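Notes for the structure review
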Amino acid sequence: MKNKEIPKGLRDFLPEEVKARRKMEKKALNLFRSYGYQEVTTPTFEYLEVIEAGTGRNSWEELYLFIDREGRILSLRPEVTAAIARMAATHLREAVFPQRLCYIANLFRHVQPQKAQYREFWQMGIELLGAAGARADAEVINIAVETLQTMGLDNFKISLNQIEIFNSLLDDSGMREEEKKLLRQLVENKDLVELARVLNNTKIDEDLKEIIAKLPVLHGGIEVLNQLGKIEKNRRAAQAVAEL
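All of the points below concern the structure found in this document. (Residues numbered from 1 in each chain as written. Predicted model: local features only at pLDDT ≥ 70, side-chain atom pairs only at ≥ 80, totals over all residues. Heavy atoms only, no water.)

Attention shifts here to the overall build of the protein. Check the secondary structure of the protein and you find nine helices and six strands. Based on the C-alpha atoms only, the size of the protein along its principal axes is roughly 60 × 45 × 40 Å. Counting over 244 residues, the protein shows a buried share of 34%. When contacts within the protein are restricted to residue pairs at least 6 apart in sequence, those whose partners lie at least 24 apart make up 61%. Accessible area of the protein: about 16,300 Å², with a carbon and sulfur share of 52%. Positive and negative side-chain charges of the protein, numbering 36 and 37 respectively, have mean locations separated by a distance of 5 Å. (Helix = DSSP H or I, 4+ residues; strand = E, 2+ residues; numbered from the N terminus. Buried < 20%, exposed > 50% of the residue type's maximum accessible area, 1.4 Å probe, protein only. Contact = heavy atoms within 4.5 Å. Areas by Shrake-Rupley, 256 points an atom, 1.4 Å probe, with all protein chains shown as cover. Lys, Arg positive; Asp, Glu negative; His and termini not counted. Charge placed at Lys NZ, Arg CZ, Asp CG, Glu CD.)

In structure tokens form, the structure reads like this:
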């Protein structure tokens, strides 16, 4: 073997590392099952349209894309939620909801490798389908906390958001869909310079511009909800803030 390197952003796992990971996975699955979650697996790659429909966060530059022999574009999975949504739509149409599903999967994103960030990585998680409201949210948040504690962590933070705040503001702006899509991407990427430039060239209410510009850097305790300015003008957004 002449080439002993592996592709950039990947890594080998030695026996002790695999043993530690399997132990963590077993702890997580036992916890998920104790709450009634059942394990599922999805394909390692999906049609690109499934990935695009399920998440607006992953740009093509982050996806590992290839073409099958029928000419369809496929993508290695960058996350699992979209695949489980596709699974539910095709296999669980007659099921009784809510459905509690969990998974452990390897994922792929073409990112710039750095410390603790690889192009192939593992993720474990849960999906609570067909349940709404604060009680369902509290269940998922509680399981996230218990999972971290089960892994031996005691110094961590859980970040919460309510996407309806942002979506309601965009819907109220009167912008075209292309403009909304661009703003979503800039906010998600925390590209503050480009976000400010785009907002300055957008013909929307100045108060709304100010609120959108704040969103990428607005974090902290519950007091940050008071820093959203005149958000009460938008009934849906104000309701989403109250729910959060």
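This part is about the sheet that holds strand S3 (residues 65-67). On the basis of which strands lie adjacent, the open sheet formed by three strands has the order S2-S4-S3 and antiparallel pairing. With one partner strand each, in any of the chains shown, strand S2 (45-47) and S3 form the two edges of the open sheet. Along the sheet, successive strands turn relative to each other by an average axial angle of 35°, direction set aside. Bridge count between S2 and strand S4 (residues 73-76): three bridges; the pairing is antiparallel. The residue bridging Glu-46 from the neighbouring strand is Ser-75, located in S4. (Pairing = 2+ DSSP bridges. Axes fitted to C-alpha atoms, helices over the stretch in contact; angles between N-to-C directions.)

What follows deals with the nonpolar core. Counting residues in hydrophobic clusters, the biggest one holds 21 residues, and the most contacted among them are Leu-169, Leu-183, Leu-195, Ile-212 and Ile-231. Elements represented by at least two residues in this core include exactly helix H5 (163-171), helix H6 (177-188), helix H7 (192-200), helix H8 (206-214) and helix H9 (235-243). In terms of residue count, H5 provides more of this core than any other element does, four residues in total. Once you skip the residues sitting within four places of it in the chain, Leu-183 turns out to touch Phe-166, Leu-170, Met-175, Leu-195, Val-198, Leu-199 and Ile-212. If you look at the next biggest cluster of nonpolar residues, it comprises eleven residues, including Val-40, Val-80, Ile-84 and Tyr-103. (Core = buried A, V, L, I, M, F, W, Y, C linked by side-chain atoms within 4.5 Å.)

Here we take up the packing of aromatic side chains. A complete count under the given rule lists two aromatic pairs for this structure. Measuring from centroid to centroid gives 5.4 Å for Phe-13 and Trp-122, while their planes differ by 85°, and the two rings are edge-to-face. In this pair, Phe-13 sits in the segment before helix H1 (15-34) while Trp-122 sits in strand S6 (residues 120-129), placing the two residues 109 residues apart along the sequence. With a centroid separation of 5.3 Å and an interplanar angle of 75°, the aromatic rings of Phe-45 and Phe-66 are classed as edge-to-face. (Phe/Tyr/Trp six-rings, centres within 6.5 Å; stacked < 30°, edge-to-face > 60°.)

Attention now goes to the packing of H5 against H9. At a minimum axis distance of 8 Å, the contact between H5 and H9 shows a crossing angle of 170°. As far as their axial angle goes, H9 and H5 are roughly antiparallel. Between H5 and H9, the contacting residues are Glu-164, Ile-165, Ser-168, Leu-169 and Asp-171 on the first element and Arg-236, Ala-237, Ala-240 and Val-241 on the second. For the contact of H5 with H9, the per-class residue count stands at five nonpolar, one polar and three charged. (Parallel < 35°, antiparallel > 145°, perpendicular 65-115°, else oblique. Nonpolar A, V, L, I, M, F, W, Y, C, P; charged D, E, K, R; others polar.)

Residue Pro-98 is reached from Phe-97 by a cis peptide bond, and omega for that bond is 10°. Positive phi is not limited to glycine here, since Ala-116 has a value of about 65°. Counting through the fold element by element, Ala-116 comes out in the loop between strand S5 (99-108) and S6. Even without glycine at this site, Lys-190 takes up a positive phi of about 55°. Relative to the elements of secondary structure, Lys-190 occurs in the loop between H6 and H7.

An order of S1-S5-S6 is seen for the three strands of this open sheet, with the pairing classed as mixed. The strands lining the two open edges of the sheet, one partner per strand, are strand S1 (38-39) and S6. When S5 meets S6, the two strands line up antiparallel, connected through ten bridges. Following the sheet pairing, Ile-104 is matched in S6 by Met-124. Sitting on the sheet, helix H3 (residues 81-91) is in contact with S5 and S6, with an inclination near 45° to S6.

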